[in-house]
Amino acid sequence: MSPASSPDLHRRGLMLILSSPSGAGKTTLTRNLLQDRALDLTLSISVTTRDRRSSEADGVHYYFKSKAEFERLRAQDELLEWAEVHGNFYGTPRAPVEAVLTQGRDMLFDIDYQGTQQVLKKAQKDVVTIFILPPSMRELRARLERRAEDSAEVIAKRLENARHEIARWTMYDYVIVNEDIQRAMVEVKAILTAERLKRARSEEGVTEFVKRLLDE
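Presented here is a report on the structure given in the accompanying data block.

**As for the pairing of strand E5 (residues 79–85)**
Right, so step 1: By the bridge criterion, 6 bridges tie E5 to strand E6 (residues 88–93) in an arrangement that is antiparallel. Bridge pairing in E6 places Trp-82 opposite Gly-91.

Structure representation (structure tokens):
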């Protein structure tokens, strides 16, 4: 059977988590993956208690909630992960993720190692994790400096944090060294293809297909 005529076997979707230190290329990879329509990935949108900026739209950049609403979601276990950053709360709502996975589609997450560990505790069977490494600390510094967004003091802090985050690489299923963004894209897509084909994700669909096959 040619690939063009391969059966569409129903499967449960997966959560693809990308993590990296600042400057390693996670944001660029996330953007490129979402722009590739053939991959059909949906970006996870967080809830937050911080004020909405004039350039932001509710439900597009974040779901903006009051602190009371956020606390209700947390108390009712409706968040896959959450964190407090500079006095504001951020979290991943469970319901939209479950809706996408039930459709057999995949959700893309751009979260740190702490958020990743929380998601794994609640939905490990659905999660695939990838850690993105820079080719060297020298290159990481150069990328941060090329942004021309931060002071020398902030860059030094980001590099210090990067060492702390890089030490967590063993927590992830896959590790990619992002020396070339195009090659990194190919590697992420290869991981996604393999994970989508895992028997555990499509067992129900394959079982039905095999039954029809053997009945012929």
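From this point, things continue past the structure.
**Here we look at the packing of aromatic side chains**
Right, so step 1: Within this structure, the stated rule accounts for 5 aromatic pairs.
Right, so step 2: Ring geometry for Trp-82 and Phe-89: centres 6.0 Å apart, planes at 50°, overall tilted.
Right, so step 3: Judged by relative accessible area, which is 9%, Phe-89 ranks as buried.
Right, so step 4: Ring pairing ties together the aromatic residues Tyr-62, Phe-64 and Tyr-90, which thus form one cluster.
Right, so step 5: The cationic tip of Arg-74 hangs over the ring face of Phe-89; the distance from NZ or CZ to the ring centre is 5.4 Å.

**Quick notes on the sheet that holds E6**
Strand pairing in a sheet relies on backbone hydrogen bonds, with the paired strands running either antiparallel or parallel.
Right, so step 1: Spatial strand order, E4-E3-E6-E5: 4 strands in an open sheet with mixed pairing. The open sheet terminates on both sides in strands that have one partner only, identified here as strand E4 (63–64) and E5.

**Remarks on the pattern of salt bridges**
Right, so step 1: For the structure on display, the rule yields 19 salt bridges.
Right, so step 2: Between Glu-98 and Arg-12 there is a salt bridge; the shortest N-O distance is 2.9 Å. With Glu-98 in helix H3 (residues 94–102) and Arg-12 in the segment before strand E1 (15–19), this pair connects stretches of sequence that are 86 residues apart.
Right, so step 3: Assessed through its relative accessible area of 36%, Glu-98 is described here as partly exposed.
Right, so step 4: According to the relative accessible area criterion, Arg-12 is partly exposed, its value standing at 29%.
Right, so step 5: The partner of Glu-56 in a salt bridge is Arg-53, and the shortest N-O contact between them spans 3.9 Å.
Right, so step 6: Look at Glu-56 and you get buried, because its relative accessible area is 10%.
Right, so step 7: In the salt-bridge network here, residues are joined through shared partners; they are Arg-11, Asp-106 and Arg-196.

The rules we used
Residues numbered from 1 in each chain as written. Predicted model: local features only at pLDDT ≥ 70, side-chain atom pairs only at ≥ 80, totals over all residues. Heavy atoms only, no water. Pairing = 2+ DSSP bridges. Helix = DSSP H or I, 4+ residues; strand = E, 2+ residues; numbered from the N terminus. Phe/Tyr/Trp six-rings, centres within 6.5 Å; stacked < 30°, edge-to-face > 60°. Buried < 20%, exposed > 50% of the residue type's maximum accessible area, 1.4 Å probe, protein only. Lys NZ or Arg CZ within 6 Å of the ring centre and 35° of its normal. Salt bridge = Lys/Arg side-chain N within 4 Å of Asp/Glu carboxyl O.

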